[in-house]
Amino acid sequence: AVVLCAYLEMQGIDLRDRSVIELGAGTGLLGIVVTLLGKGFFVVSLKATHTCSARVTITDRAAALEFLESNVQANLPPELRPRAVVKELTWGKDLHNFPPGAFDFILGADIVYLEETFVELLQTLEHLCSERTVILLSCRIRYERDLKFLKMLRERFSVSEVHYDSSKDVHIYKAQRGSRKDDF
C-alpha cells in the first residue's frame, strides 16, 4: 500500500472531484491517503457551494470493517470523514450494492495472492469499471500464480506496468477497458 500511496502522490494524480474505490483495504492506509490527496476546495457559484474533493469508498470483507472504520475515523480530520465511506465488499458477491461503472479509479494494494479469488476479483473489476475508469494495482510477483492473474487481467483489460519499486520489489499495474491508455 505504501508504494501505491507514494506513486499517487509523486505522480501528482488529481483525485479532486473523482470517485475512487479501494478493494481489499485491510488497514485502510491507501483509502485514507487517497482521501487526503483528494482534499479539494470549495466552489461557490450563484446557485450553490460544493466541494471538489475525492469521494472515496474503502472496501473489505465484513470481518475487517470494524478495524477499518476505526482507522478511518482516527486518521482523517473531521471535515474529510464524510468523503470516505467504509463498505462491505466480498469480490464476486455484494456487487448489487455498487453501481456498475461508477468509479473513476479502482485501487488495490497487495490484493493479488489467493488464486481461488482471482475469478471473483476480475468479476468485481469488470462490474465496477467503465470505459473511463483507471485501475491501479500494486503487488509483488512472488509466484507463478501472480503471473497467472496478470494474464487473466490482460485478457479483459489493456494492462501496462507504470512503476516498479526495486527497493520493495513492488510493481504497479494500470488497467483500462479495451485498448485505452489514457493519462490520468
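Nothing here was measured: the structure is a model prediction, and the numbers come from that model.

Rules of the game
Residues numbered from 1 in each chain as written. Predicted model: local features only at pLDDT ≥ 70, side-chain atom pairs only at ≥ 80, totals over all residues. Heavy atoms only, no water. Helix = DSSP H or I, 4+ residues; strand = E, 2+ residues; numbered from the N terminus. Buried < 20%, exposed > 50% of the residue type's maximum accessible area, 1.4 Å probe, protein only. Contact = heavy atoms within 4.5 Å. Pairing = 2+ DSSP bridges. Axes fitted to C-alpha atoms, helices over the stretch in contact; angles between N-to-C directions. Core = buried A, V, L, I, M, F, W, Y, C linked by side-chain atoms within 4.5 Å.

This part covers the environment of Ile135. If you trace the backbone, Ile135 turns up in strand β7 (residues 134-139). Under the relative-accessibility criterion, Ile135 is labelled buried at 0%. Non-local contacts of Ile135, meaning those with residues more than four positions away in its chain, are made with Ile106, Leu125, Cys129, Phe157, Tyr173, Lys174 and Ala175.

Right, let's talk about the sheet that holds strand β6 (residues 105-109) for a bit. Strand order across the open sheet formed by seven strands is β5-β4-β1-β6-β7-β9-β8, with mixed pairing between neighbours. At either margin of the open sheet sits one strand with a lone partner, and together these are β5 (84-88) and β8 (157-165). For this sheet, the mean inter-axis angle between neighbouring strands, taken without regard to orientation, is 20 degrees. The pairing of strand β4 (residues 55-60) with β5 spans five bridges and is parallel. The residue bridging Val56 from the neighbouring strand is Ala84, located in β5. Running at roughly 175 degrees to β4, helix α2 (residues 29-37) makes contact with β1 (19-23), β4, β5 and β6 of the sheet. The sheet strands contacting helix α5 (residues 144-156) are β7, β8 and β9 (170-177), and the helix crosses β8 at an angle near 135 degrees.

With that out of the way, let us pick up the nonpolar core. Formed by 28 residues in total, the largest nonpolar core has its most connected members in Leu4, Leu8, Leu30, Val34, Ile58, Leu107 and Leu136. Contributions of two or more residues to this core are made by α1 (2-10), α2, β4, α3 (65-75), β5, β6, β7 and β9. No other element matches the five residues that α1 contributes to this core. If sequence neighbours within four positions are ignored, Leu4 has contacts with Leu30, Leu107, Gly108, Leu136, Ser138 and Ile172. Grouped together as the second largest cluster of nonpolar side chains are 27 residues, Leu23, Phe118, Leu128 and Tyr173 included.

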